[in-house]
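Here's the letter readout for the chains.
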Amino acid sequence: MNPSRFQAVIFDLDGVITDTAHYHYLAWKRLADSLGVHFDEAFNEQLKGIDRMGSLALILAGSPRSYNLEETLALADAKNRHYQELIGTMSTSDLLPGAVEALAAVRAAGLRIGLASVSKNAFTVLEKLGIADRFDYVVDAALIARGKPDPEIFLNAAERLGVAPALCLGVEDAVAGVSAIKAAGMFALGIGKPEVLTEADVVIPGLAQFRLADY
Ligand code: G6P
Ligand code: MG
């Protein structure tokens, strides 16, 4: 029986189910260093939930020279190849605490499960984590035109799950992601700190505290 007023839960991936932010950091850091552009962990925080080209644009804004489109695409490609090398070592041990239990609880309650990550590596990461088969629908980020905070990715997930946005619970760790969920007309469960995720309806520290019947 469904103990929840929702019919679907749509999860973000990075920072919610697994912590790939450090791998993104290492890959961007090597690229930024090679270009002589300052990049640190604090800057990396701003890139959470921001897609690859958007992230690169923010990094290159700190460069004294400008890059044309061809050069920019080559830089994004170099970062991604390094990132893919880094995530190649991921396994089920990279699942954040409570992630599998939360997915199981949503499944047991009979709700639909979606994934809305702007990462074009999301499918690979899900395979590495051994949870690809737990989702009814995984958004293909390549088909999404506008990144978070635009609601497009969450609306696409809801539509493909066949559930009205108002009956969806979105789970996000990034400020831009929470904004996207709210703009989609969904209930936003923030993962992190309430003082950061001010737009979220409820904030919990991590999926280990996920209690479907409470929302
Ligand atoms: C997630 C991460 C971002 C990353 C984006 C794109 O949203 O939080 O830091 O830039 O995915 O990832 P990709 O794997 O497509 O480069
Ligand atoms: Mg995230």
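Residues numbered from 1 in each chain as written. Chains lettered and ligands numbered in written order. Predicted model: local features only at pLDDT ≥ 70, side-chain atom pairs only at ≥ 80, totals over all residues. Heavy atoms only, no water.

Enquirer: Please set out the packing of helix 1 (residues 21-35) against helix 3 (residues 52-60) residue by residue, giving values where relevant.
Expert: One can describe the packing of helix 1 onto helix 3 by two numbers: an axis separation of 11 Å at closest approach and a directional angle of 35°. Along this stretch, helix 1 crosses helix 3, giving a crossing that reads as right-handed. Here Trp 28, Leu 31, Ala 32 and Leu 35 of helix 1 lie close against helix 3, whose contacting residues are Arg 52, Ser 55, Leu 56, Ile 59 and Leu 60. Counted by class, the contact of helix 1 with helix 3 contains seven nonpolar, one polar and one charged residues. (Axes fitted to C-alpha atoms, helices over the stretch in contact; angles between N-to-C directions. Helix = DSSP H or I, 4+ residues; strand = E, 2+ residues; numbered from the N terminus. Left-handed = near helix turned anticlockwise from the far one by under 90°. Contact = heavy atoms within 4.5 Å. Nonpolar A, V, L, I, M, F, W, Y, C, P; charged D, E, K, R; others polar.)

Enquirer: Requested: an account of the pattern of salt bridges, with residues and values cited.
Expert: Applying the stated rule across the entire model yields 11 salt bridges. With a closest N to O distance of 3.2 Å, Asp 33 and Lys 29 form a salt bridge. Here the residue Asp 33 and the residue Lys 29 both occupy positions in helix 1, the gap between them amounting to four residues, near one helical turn. In this structure, Arg 107 engages Asp 136 in a salt bridge whose closest nitrogen and oxygen atoms are separated by 3.3 Å. Separated by 29 residues along the polypeptide, Arg 107 in helix 5 (residues 99-108) and Asp 136 in the loop between helix 6 (122-129) and strand 3 (137-138) bring together distant segments of the chain. By sharing partners, the salt bridges in this structure join Asp 12, Lys 148 and Glu 172 into a single network. (Salt bridge = Lys/Arg side-chain N within 4 Å of Asp/Glu carboxyl O.)

Enquirer: Can you break down the packing of helix 3 against helix 4 (residues 69-87) residue by residue, with the values?
Expert: Relative orientation of the contacting elements helix 3 and helix 4 amounts to 110°, with a least axis distance of 10 Å. By the angle between their directions, the pair helix 3 and helix 4 is classed as roughly perpendicular. Judged by residue contacts, Arg 52, Met 53, Leu 56 and Leu 60 of helix 3 engage Thr 72, Leu 73, Leu 75, Ala 76 and Asn 80 from helix 4. Among the residues forming the contact of helix 3 with helix 4, the class breakdown is six nonpolar, two polar and one charged. (Parallel < 35°, antiparallel > 145°, perpendicular 65-115°, else oblique.)

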